[in-house]
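The primary structure of each chain is shown beneath.
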Amino acid sequence: MSALKVRQATRQDAALLAGMNPHVHGLHADNRPDLFQARPSAEELTKRFAERLGQESTRIFVAEPADGECAGYAEATVYHRGPSVLLNADSFIALNQIVVAPEAKRLGVATALLDAVREAGREAGCRRLVTEVWEFNEGARSFYEAAGLQPMKRMLEQPL
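The rules behind these values
Residues numbered from 1 in each chain as written. Predicted model: local features only at pLDDT ≥ 70, side-chain atom pairs only at ≥ 80, totals over all residues. Heavy atoms only, no water. Helix = DSSP H or I, 4+ residues; strand = E, 2+ residues; numbered from the N terminus. Rg over C-alpha atoms; globule rule 2.2 N^0.38 Å. Buried < 20%, exposed > 50% of the residue type's maximum accessible area, 1.4 Å probe, protein only. Contact = heavy atoms within 4.5 Å. Areas by Shrake-Rupley, 256 points an atom, 1.4 Å probe, with all protein chains shown as cover. Lys, Arg positive; Asp, Glu negative; His and termini not counted. Charge placed at Lys NZ, Arg CZ, Asp CG, Glu CD. Pairing = 2+ DSSP bridges. Axes fitted to C-alpha atoms, helices over the stretch in contact; angles between N-to-C directions. Phe/Tyr/Trp six-rings, centres within 6.5 Å; stacked < 30°, edge-to-face > 60°.

**Student:** It is not clear to me how the overall build of the chain should be interpreted in this structure. Could you clarify?
**Tutor:** A count of helices and strands for the chain gives five helices and five strands. Order of helices (α) and strands (β) in the chain, N terminus to C terminus: β-α-α-α-β-β-β-α-β-α. Its C-alpha atoms give the chain a radius of gyration of 16 Å, near enough to 15 Å, the size a compact globule of 160 residues would have. C-alpha atoms of the chain, sized along the principal axes, occupy 50 × 40 × 30 Å. Looking at the chain as a whole, 37% of its 160 residues are labelled buried. Long-range pairs, those at least 24 residues apart, make up 64% of the contacts in the chain with a sequence separation of at least 6. Counting every atom, the chain has about 10400 Å² of accessible surface; 50% of that belongs to carbon and sulfur. For the chain, the distance from the average position of its 19 positive side-chain charges to the average position of its 21 negative side-chain charges is 5 Å.

Quick look at the structure:
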């Protein structure tokens with residue numbers, strides 16, 4: 001892969017993002033069909049991304065090699081929370097998704113996108129980066145741990 005450029009997405013990228021989304025959504029739908037829709041339509045996904053791109057707290061980045069099309073994207077949300085009786089004030093950026101095209105895996109795309117999210121968090125005054133990862137997604141868990149993210153809490157469930 002040639003030099004990689006990471007840029008902030010615009011509303012004009014909504015269809016591009018919708019086209020990339022199945023690379024990660026399919027994994028989630030296959031492993032948790034009780035929670036994830038099997039095949040959202042391209043139209044519904046495009047609308048979702050257009051709405052997200054219009055939100056001030058949303059940060060979406062696109063990775064593009066100089067010699068090709070989109071190699072991946074990252075979507076994050078900036079949160080600023082005031083103090084409460086139980087919690088201190090906090091500012092953080094939550095990484096919602098990193099998606100890498102299958103042909104671009106292990107080429108530094110996810111790392112470049114994660115770096116862009118980190119920088120966006122710093123620019124927004126955030127003190128930390130958080131993300132969630134499904135237990136079944138061993139590849140993502142390994143990537144995040146290698147990138148320096150550490151477990152923060154564990155979410156448990158039980159069917160009723």
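**Student:** Honestly, the sheet that holds strand 2 (residues 58-65) in this entry has me stumped. Any pointers?
**Tutor:** Hydrogen bonds along the backbone pair up the strands of a sheet, which may run parallel or antiparallel. The five strands are arranged 1-2-3-4-5 in an open sheet whose pairing can be described as mixed. A single partner strand is all that each edge strand has here, and the edge strands are strand 1 (4-8) and strand 5 (128-131). Sheet twist, expressed as the average angle between the axes of neighbouring strands with direction ignored, equals 25°. Pairing of strand 4 (residues 90-100) with strand 5 involves four bridges; the strand directions are parallel. Paired with Phe92 across the bridge in strand 5 is Arg128. Contacts between helix 3 (residues 42-53) and the sheet are confined to strand 2, strand 3 (72-81) and strand 4, with strand 3 contributing the most and set at about 45° to the helix. Against the sheet, helix 4 (residues 109-123) makes contact with strand 1, strand 2, strand 3, strand 4 and strand 5, and its axis sits at roughly 160° relative to strand 4, the strand it touches most.

**Student:** Just checking my understanding: could you explain unusual backbone geometry for this structure?
**Tutor:** Leaving glycine out, the prevailing phi sign among residues is negative, and the prevailing peptide bond configuration is trans. The backbone of Arg106 shows a phi angle near 65°, a positive value even though the residue is not glycine. Residue placement: Arg106 occurs in the loop between strand 4 and helix 4.

**Student:** Please clarify how the packing of aromatic side chains should be interpreted in this entry.
**Tutor:** Any two aromatic rings considered together are summarised by their centre-to-centre distance and by the angle between their planes. Scanning the model with the defined rule gives five aromatic pairs in all. For the pair Tyr79 and Phe92, a centre-to-centre distance of 5.1 Å together with 25° between the ring planes defines the contact as stacked. A residue pair is termed long-range when its members are at least 10 positions apart, and Tyr79 in strand 3 and Phe92 in strand 4 qualify at 13 residues. For Tyr79, a relative accessible area of 38% translates into the label partly exposed. What makes Phe92 buried here is its relative accessible area of 14%. Here Trp134 and Phe136 contribute two aromatic rings whose centre-to-centre distance is 5.8 Å and whose plane-to-plane angle is 20°, an arrangement assigned as stacked. On the accessibility criterion, Trp134 (31% relative accessible area) is partly exposed.

**Student:** Would you mind showing me how to read the environment of Pro83 here?
**Tutor:** Of note, Pro83 is situated in the loop between strand 3 and strand 4. Non-local contacts of Pro83, meaning those with residues more than four positions away in its chain, are made with Asn88 and Ala89.

Just geometry here; none of it tells us what the structure is for.
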